[in-house]
Amino acid sequence: MVVVEMQKTANDIDNIKKISIPTDTIKYIIEMLGDNIIWDYNKITGELIIMKRPESYTDALAGLGEDMWKQVGGTKYIEEMRNEWDD
C-alpha cells in the first residue's frame, strides 16, 4: 500500500477541489502496483490511500473480523442476537 500525504494545512485542503499528483509519483505507483489500482481518500486523516486492486474481493476480504467474532463468542453470539430479534 502506498500512502500519499499532502504537505498542506487543514485549511488549505478544505478549499482544494482538484489535486495534481506528479507524473513521477504516478509512474512509481504503476511500477509498484501495476495500473489496476483502487484509491480512497480518508477525510478524517487527510490521507490518500492507493492500493492494488485484488483479483478477487471475496478472497481479499475472507477472514476479516475473525478475531473479533472469536472474542464475542462466534456462532453462539450470533444465535443469541437472532433470538433477541424474535422476542
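Residues numbered from 1 in each chain as written. Predicted model: local features only at pLDDT ≥ 70, side-chain atom pairs only at ≥ 80, totals over all residues. Heavy atoms only, no water.

Asks: It is not clear to me how the overall build of the chain should be interpreted in this structure. Could you clarify?
Replies: A count of helices and strands for the chain gives five helices and three strands. Going from the N terminus to the C terminus, the chain shows its helices and strands as β-α-α-β-β-α-α-α. Burial status across the chain gives 10% buried among its 87 residues. Nonlocal contacts in the chain, meaning residues at least 24 apart in sequence, comprise 33% of its contacts between residues at least 6 apart. Accessible area for the chain stands at about 7,900 Å²; split by element, carbon and sulfur atoms hold 52% of it. (Helix = DSSP H or I, 4+ residues; strand = E, 2+ residues; numbered from the N terminus. Buried < 20%, exposed > 50% of the residue type's maximum accessible area, 1.4 Å probe, protein only. Contact = heavy atoms within 4.5 Å. Areas by Shrake-Rupley, 256 points an atom, 1.4 Å probe, with all protein chains shown as cover.)

Asks: I'm lost on the confidence of the model for the chain in this one. Help?
Replies: Parts of the prediction with low pLDDT should not have their coordinates interpreted in detail. For the chain, the average pLDDT comes to 79, and 78% of its residues sit at 70 or higher. Taken element by element, the chain is modelled with least confidence in strand β1 (residues 2-5), mean pLDDT 48, and with most confidence in helix α3 (residues 57-61), mean pLDDT 89. This stretch, residues 1-6, has a pLDDT under 50; its non-local contacts, to residues over four places away or in other chains, come to 15 contacts. (pLDDT = per-residue confidence, 0-100.)

Asks: Any chance you could explain the packing of aromatic side chains here in plain terms?
Replies: One pair of aromatic rings is described through two measures. These are the centre distance and the angle between the planes. Taken as a whole and judged by the stated rule, the model has one aromatic pair. Both rings, one in Trp69 and one in Tyr77, keep their centres 5.9 Å apart while their planes meet at 50°; by these two values the pair is tilted. Tyr77 gets classed as partly exposed once you look at its relative accessible area, which sits at 29%. (Phe/Tyr/Trp six-rings, centres within 6.5 Å; stacked < 30°, edge-to-face > 60°.)

Asks: Any chance you could explain the pairing of strand β2 (residues 37-42) here in plain terms?
Replies: Regular strands have side chains that alternate between both faces of the sheet. With six bridges joining them, β2 and strand β3 (residues 47-52) adopt antiparallel strand pairing. Counted as the bridge partner of Asn42 is Glu47 from β3. (Pairing = 2+ DSSP bridges.)

Asks: Explain the environment of Gly34 here, please?
Replies: Looking at the secondary structure, you find Gly34 in the loop between α2 (23-33) and β2. Judged by its relative accessible area of 25%, Gly34 is partly exposed. In sequence terms Gly34 and Arg53 are 19 residues apart; their C-alpha atoms lie 9.1 Å from each other.

Asks: Just checking my understanding: could you explain a nonpolar patch on the surface for this structure?
Replies: Taken together, the side chains of Ile19, Ile21, Ile26 and Ile30 make up a nonpolar region of the molecular surface, amounting to roughly 300 Å² of accessible area. A relative accessible area of 43% means that Ile19 is categorised as partly exposed. (Patch = residues over 30% accessible without salt bridge, like charges linked within 9 Å, V, L, I, M, F, W, Y side chains within 5 Å. Salt bridge = Lys/Arg side-chain N within 4 Å of Asp/Glu carboxyl O.)

Asks: How should I be thinking about the pattern of salt bridges in this particular structure?
Replies: A side chain with one charge may pair with a side chain of the opposite charge, provided their charged atoms come close. Summed over the entire model, instances satisfying the criterion amount to one salt bridge. Taking the shortest distance from any N to any O, the salt bridge between Glu66 and Lys70 comes out at 3.5 Å. One end of the pair is Glu66 and the other is Lys70, both in helix α4 (residues 66-72) and four residues apart, which spans about a single turn.

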